[in-house]
Amino acid sequence: MKGKLYGAGVGPGDPELLTLKTMRLIREAEVIAVPGQEPTESVAYKIVKEACKLQGAEAERQFTGKRFLPVTMPMTKDPVKLEQSHTEGARLIQEQLDQGKDVVFLTLGDPAIYSTYLYVHRKISAMGYETEIVSGIPSFCAVAARLNIGLVERAEPLHVIPATYQTEEALQLDGTKVLMKAGKRMDKVKQELLDMGAEALMIENCGMPDEKIYRSAEEIPEKAGYYSLIIVKDKKE
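Residues numbered from 1 in each chain as written. Predicted model: local features only at pLDDT ≥ 70, side-chain atom pairs only at ≥ 80, totals over all residues. Heavy atoms only, no water.

A.B. asks: Please provide a residue-by-residue account of the overall build of the protein, values included.
C.D. replies: Scanning the protein for helices and strands turns up 7 helices and 10 strands. Scaling as 2.2 N^0.38, a compact globule of 237 residues should have a C-alpha radius of gyration of about 18 Å, and the protein matches this with 19 Å. Its C-alpha atoms give the protein principal-axis dimensions of about 60 × 45 × 35 Å. Of the contacts made within the protein by residues no fewer than 6 positions apart, 70% connect residues no fewer than 24 positions apart. Put simply, the protein shows about 12,400 Å² of open surface, and 51% of that area lies on carbon and sulfur atoms. With 31 positive and 35 negative side-chain charges, the protein shows a spacing of 3 Å between the two charge centroids. (Helix = DSSP H or I, 4+ residues; strand = E, 2+ residues; numbered from the N terminus. Rg over C-alpha atoms; globule rule 2.2 N^0.38 Å. Contact = heavy atoms within 4.5 Å. Areas by Shrake-Rupley, 256 points an atom, 1.4 Å probe, with all protein chains shown as cover. Lys, Arg positive; Asp, Glu negative; His and termini not counted. Charge placed at Lys NZ, Arg CZ, Asp CG, Glu CD.)

Laid out in structure tokens, this is it:
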């Protein structure tokens, strides 16, 4: 009997935001796939470890004693390199599934939102293996909660924008704009926000020990880490 692949969201950073289902699957799985070359250095690994630690020393010991499968996911837009890494990741997981072992692939936030896991998921599904996406709390929902604000009300639309690409036109849309992965373009994004007089808030490393909150476009730094998320609200008349 073949194993099953689960793409499990671990939330944005706060270990208390892991779902009961993700925690159960982690406990039950024989193999835990982790993005990166060194599993213990992965942010997803550290989040789960802290969540297990909150449940006691035995839960933490059981997790750290699992078999971890590192899956390299390079930070590049090169389509050739990306395809190679996704194919290799699928091959590594396939080997475990063929041995009848279930694999839980840890992924930040929710696996359905700009997740590198999805590329491996599609390949494994196309091979005929059973797969399942397990929801996690999306980063923009966690950021809004941390800021103690709502994202949208009444008929307001919500736009989720990958800020590593062009953002100027997207920022003109009506409604709330969520800018994800703006890190490398932060200086340009900040200038765009200032030019339009936008009402913007940002959290860097939401829910993590080094979390930083910025409550205006002026406060946003020109350089920020990868796990930075900006919420842009329409100004109220």
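A.B. asks: For the sheet that holds strand β5 (residues 130–134), give the residues involved together with the corresponding values.
C.D. replies: Spatial ordering of the open sheet is given by β3-β2-β4-β1-β5, a layout of 5 strands whose pairing is parallel. The sheet is open, and its two edges are formed by β3 (67–71) and β5, each paired on a single side. On average, each strand axis in the sheet is inclined to that of its neighbour by 25°, with strand direction left out of account. Here 5 bridges tie strand β1 (residues 4–9) to β5, and the two strands are oriented parallel to one another. Residue pairing across strands places G7 opposite I133, the latter belonging to β5. (Pairing = 2+ DSSP bridges. Axes fitted to C-alpha atoms, helices over the stretch in contact; angles between N-to-C directions.)

A.B. asks: Please set out helix α7 (residues 186–195) residue by residue, giving values where relevant.
C.D. replies: Taken together, the buried positions of α7 are M186, V189, K190, E192 and L193. The arc that holds the buried residues of α7, viewed along the axis, is 160°, so those residues lie on one side. Residues of α7 that are buried in the fold lie against β7 (176–180), β8 (199–204) and β10 (228–233). (Buried < 20%, exposed > 50% of the residue type's maximum accessible area, 1.4 Å probe, protein only. Arc of directions from axis to C-beta.)

A.B. asks: How would you sum up the sheet that holds strand β9 (residues 212–214)? Please name residues and give values.
C.D. replies: Strand order in this open sheet of 5 strands is β6-β7-β10-β8-β9, and the pairing throughout is mixed. Only two strands of the sheet have a single neighbouring strand rather than two, namely β6 (158–162) and β9. Across the sheet, the mean angle from the axis of one strand to that of its neighbour is 15°, orientation sign disregarded. Alignment of β8 against β10, held across 6 bridges, turns out to be antiparallel. Residue pairing in the sheet places A200 in a bridge with V232 of β10. Together, β6, β7, β8, β9 and β10 form the strand contacts of helix α6 (residues 139–147), whose direction differs from that of β10 by roughly 70°. Together, β7, β8 and β10 form the strand contacts of α7, whose direction differs from that of β10 by roughly 15°.

A.B. asks: Explain the nonpolar core to me, and be specific about the residues and the numbers.
C.D. replies: Across soluble globular proteins, nonpolar side chains have a tendency to be buried as a group. In this structure, I32, V48, V104 and L106 are the most contacted members of the largest nonpolar core, which totals 22 residues. Looking at this core element by element, the count peaks at 6 residues for helix α2 (residues 43–54). Other than its neighbours up to four places away in sequence, I32 contacts I26, K66, R67, F68, L69, V104 and L106. Core analysis: the next-biggest nonpolar cluster, separate from the first, contains 18 residues, I161, L171, A182 and M186 among them. (Core = buried A, V, L, I, M, F, W, Y, C linked by side-chain atoms within 4.5 Å.)

A.B. asks: I'd like a rundown of the pattern of salt bridges, residues and numbers included.
C.D. replies: Taken as a whole, this structure holds 12 salt bridges when the rule is applied. Counted as one network, the salt bridges with shared partners bring together K4, K21, E130 and E132. (Salt bridge = Lys/Arg side-chain N within 4 Å of Asp/Glu carboxyl O.)

A.B. asks: Summarise the environment of V143; cite the residues concerned and give the values.
C.D. replies: You can see V143 is positioned in helix α6. Looking at V143, the relative accessible area reads 1%, which means it is buried. Considering only alpha carbons, one finds V143 and N205, 62 residues apart in sequence, at a separation of 9.5 Å. With sequence-adjacent residues up to four places away left out, V143 is seen in contact with I203, C206, L229 and I231.

A.B. asks: Describe the packing of α2 against helix α3 (residues 57–64), naming the residues involved and giving the relevant values.
C.D. replies: Contact geometry for α2 and α3: axes closest at 7 Å, N-to-C directions at 150°. In terms of orientation, α2 and α3 fall into the roughly antiparallel class. Contacts between α2 and α3 involve Y45, V48, K49, C52 and K53 from the former and A59, E60, F63 and T64 from the latter. (Parallel < 35°, antiparallel > 145°, perpendicular 65-115°, else oblique.)

A.B. asks: Would you mind going over the pairing of β10 in detail, with residue names and values included?
C.D. replies: Judged by how many residues are buried, β10 sits mostly within the fold: 6 of 6 residues are covered. A two-sided burial pattern is seen for β10, the buried positions comprising S228, I230 and V232 on one face and L229, I231 and K233 on the other. Sheet topology note: the β7/β10 ladder contains 4 bridges and is antiparallel. Within the sheet, the bridge partner assigned to V178 lies in β10 and is I231.

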